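The primary structure of each chain is shown beneath.
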Amino acid sequence: MMENIKIENIRIIDKNTDKIGCVIIKDGKISSVSASDAQFCSDKDIQTVIDGKGKVLMPSFADLHVHFRDPGFTYKEDLSTGSKAAVRGGYTSVVLMANTNPVCSGMEIYNDVKRRAEKIGLIDVEPVISVSENLNGENSGHLNELSAEVKFLSDDGKGVMSSKMMEDALELSKKLNLVVMSHAEDHSFSSTDMRKAENYMTLRDIYACEQTGGRLHLCHVSTKEAIEMIADAKKKGVNVTCEVTPHHIFLTDEVKYRVNPPLRKQEDIDSIINAIKGGYVDAIATDHAPHSEDDKKNGAPGISGIELSFQLCLTKLVKENNIDLQSLSRLMSYFPCKMMGLNKGLIEEGYEADLVLVDIDKKTKIDVNKFESKSKNSPLDGYEVYGEVLMTFKSGKIVYNNV
Ligand code: DOR
Ligand code: ZN
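Residues numbered from 1 in each chain as written. Chains lettered and ligands numbered in written order. Predicted model: local features only at pLDDT ≥ 70, side-chain atom pairs only at ≥ 80, totals over all residues. Heavy atoms only, no water.

Q: Is there a simple way to think about the sheet that holds strand β8 (residues 124-127) in this case?
A: Neighbouring strands of a sheet are bound in pairs by backbone hydrogen bonds; such pairs are parallel or else antiparallel. Judged by pairing direction, the sheet is parallel, and its 3 strands sit side by side in the order β6-β7-β8 without closing on themselves. The sheet is open, and its two borders are formed by β6 (61-66) and β8, each paired with just one other strand. Neighbour-to-neighbour, the strand axes of the sheet open up by a mean angle of 15°, direction not taken into account. When β6 meets strand β7 (residues 91-96), the two strands line up parallel, connected through 4 bridges. Paired with F61 across the two strands is Y91, which belongs to β7. Running at roughly 60° to β6, helix α11 (residues 325-340) makes contact with β6, β7 and β8 of the sheet. (Pairing = 2+ DSSP bridges. Helix = DSSP H or I, 4+ residues; strand = E, 2+ residues; numbered from the N terminus. Axes fitted to C-alpha atoms, helices over the stretch in contact; angles between N-to-C directions. Contact = heavy atoms within 4.5 Å.)

Right, here's the structure in full:
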């Protein structure tokens with residue numbers, strides 16, 4: 001039998017709500033949400049009562065962009081350590097990029113990854129299918145053999161250089177109701193000018209989206225120019241969405257740490273934060289990219305980010321830039337859940353009880369050695385940030401408890 005849980009005296013935040021109240025979880029679902037009047041909160045069939053005084057309850061977070069390296073590079077991360085890292089960060093749903101070994105180019109790996117993650121049982125995963133077969137950049141014949149449950153296509157890690165291939169993928173997105181996630185990088189500029197690399201490809205992708213009427217999502221937008229192009233496209237009604245990462249809004253290129261796209265200038269950060277305020281950014285996604293120490297020394301790009309995402313966003317967006325928690329919840333839960341097609345992301349009756357209990361005022365010092373992730377690759381060790389994830393619930397079950 002599943003435990004029924006009551007969380008009382010809690011500040012309830014989601015995209016639509018900011019109120020003090022009481023949440024009852026039954027059979028893994030949110031069964032009622034009410035203001036704190038005892039008469040609404042009383043329920044006999046409760047096994048666990050949690051006093052939420054001074055704390056905040058949000059829908060757990062969903063990450064549209066994660067690398068768990070499984071299969072093939074499990075010395076960096078595997079589905080089990082990745083899942084534990086996710087729930088420690090307050091996440092219970094993640095989209096897994098295809099740059100594993102073998103590459104996720106078909107239903108066999110897709111199903112295997114999904115099944116193994118389900119067995120671990122901490123989070124829901126949605127594997128991405130590569131746009132080009134085995135990320136070879138050359139052919140996409142494998143896309144003719146996809147099952148209906150596939151939701152995302154991406155050559156993340158590399159990007160799609162061929163404009164024809166991008167058009168074809170976007171055409172397919174209409175037919176199969178998929179989203180094409182673009183790692184926008186024009187390789188002809190990768191070794192000389194990473195700003196141009198992102199900007200040219202963002203322009204190309206938006207044009208391809210317009211031409212085809214397909215469904216495009218731009219990953220890890222990091223430049224002022226790219227976010228402006230996206231805002232303009234949205235104003236024109238182009239069917240494009242975008243994500244930004246916690247590290248690109250928290251760190252400038254004065255911090256020397258290799259990640260792709262690279263850390264940018266303060267003015268880029270300012271533009272992205274303005275775009276968030278203007279409603280042009282759809283999601284925060286971590287691009288959690290675990291690497292071993294040796295791989296990092298040899299130049300592997302990426303940051304192990306899923307365990308710090310909430311704290312970085314809370315500190316940078318909410319505390320420093322007055323963005324409200326409801327907007328943060330839209331970016332970290334509501335929109336990504338919607339894109340993944342999940343019955344999660346809001347604290348309303350009937351929604352899956354995937355929730356996170358957080359302290360938003362506590363100051364903590366980041367210690368990468370506490371990561372559940374196999375990889376400690378982060379330039380943020382020792383930084384002071386606000387916020388702490390106290391408890392993560394998946395379908396009403398406590399899957400992370402730090403209380
Ligand atoms: O920094 C990055 N790391 N950017 C990417 O596009 C790929 C990722 C990885 O897979 O390590
Ligand atoms: Zn990428």
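Q: Can you walk me through helix α5 (residues 194-212) in this structure?
A: Spacing of three or four residues puts side chains on the same side of an α-helix, whose turn is 3.6 residues. End to end, α5 covers 27 Å across 19 residues, agreeing with the expected 27 Å (1.5 Å per residue, within 8%). Every buried residue of α5 is accounted for by A197, E198, N199, M201, T202, R204, D205, I206, A208, C209 and T212. On its buried face, α5 is in contact with α4 (163-176), β10 (179-182), β11 (216-218) and α6 (224-236). A side-chain oxygen of the first residue of α5 lies 3.1 Å from the backbone nitrogen of R195; this N-cap is D193. Among the residues trailing α5, G213 stands out with phi positive, at a value near 70°. (Expected span 1.5 Å × (residues − 1). Buried < 20%, exposed > 50% of the residue type's maximum accessible area, 1.4 Å probe, protein only. Polar contact = N/O pair within 3.5 Å; in protein donor to acceptor, adjacent residues only side chain to side chain.)

Q: Looking at this model, I keep getting lost on the layout of surface pockets. Mind explaining?
A: If a probe the size of a water molecule is rolled over the atoms, the empty space left behind becomes visible. What the largest pocket holds in volume is close to 470 Å³. Lining the largest pocket are 25 residues; nearest its centre among them are V259, N260, H291, P301 and G302. Tallied by class, residues from the lining of the largest pocket come to 9 nonpolar, 8 polar and 8 charged. The calculated volume of the second largest pocket comes to roughly 290 Å³. Lining the second largest pocket are 15 residues; nearest its centre among them are R88, Q311, K370, E388 and N402. If you list the elements that add at least two residues to the lining of the second largest pocket, you get β14 (355-365) and β15 (384-394). Here the lining of the second largest pocket is built from residues that sort into 5 nonpolar, 4 polar and 6 charged. (1 Å grid on protein atoms, 1.4 Å probe; cavity = no way out; pocket = protein on both sides within 12 Å on 5 of 7 lines; lining within 4 Å. Points joined across faces, edges and corners; volume = space filled by probe spheres on them. Nonpolar A, V, L, I, M, F, W, Y, C, P; charged D, E, K, R; others polar.)

Q: Hey, could you run me through the environment of D155 in this one?
A: Note that D155 resides in the loop between β9 (152-154) and α4. On a C-alpha basis, the gap between D155 and Y75 in space is 22 Å, while along the polypeptide they are 80 residues apart. Among all residues touching D155, those that are not within four sequence positions of it are S130, V131, S132, L135, V160, M181 and H183. One polar contact links the side chain of D155 to the main-chain amide nitrogen of V131, over a distance of 2.8 Å.

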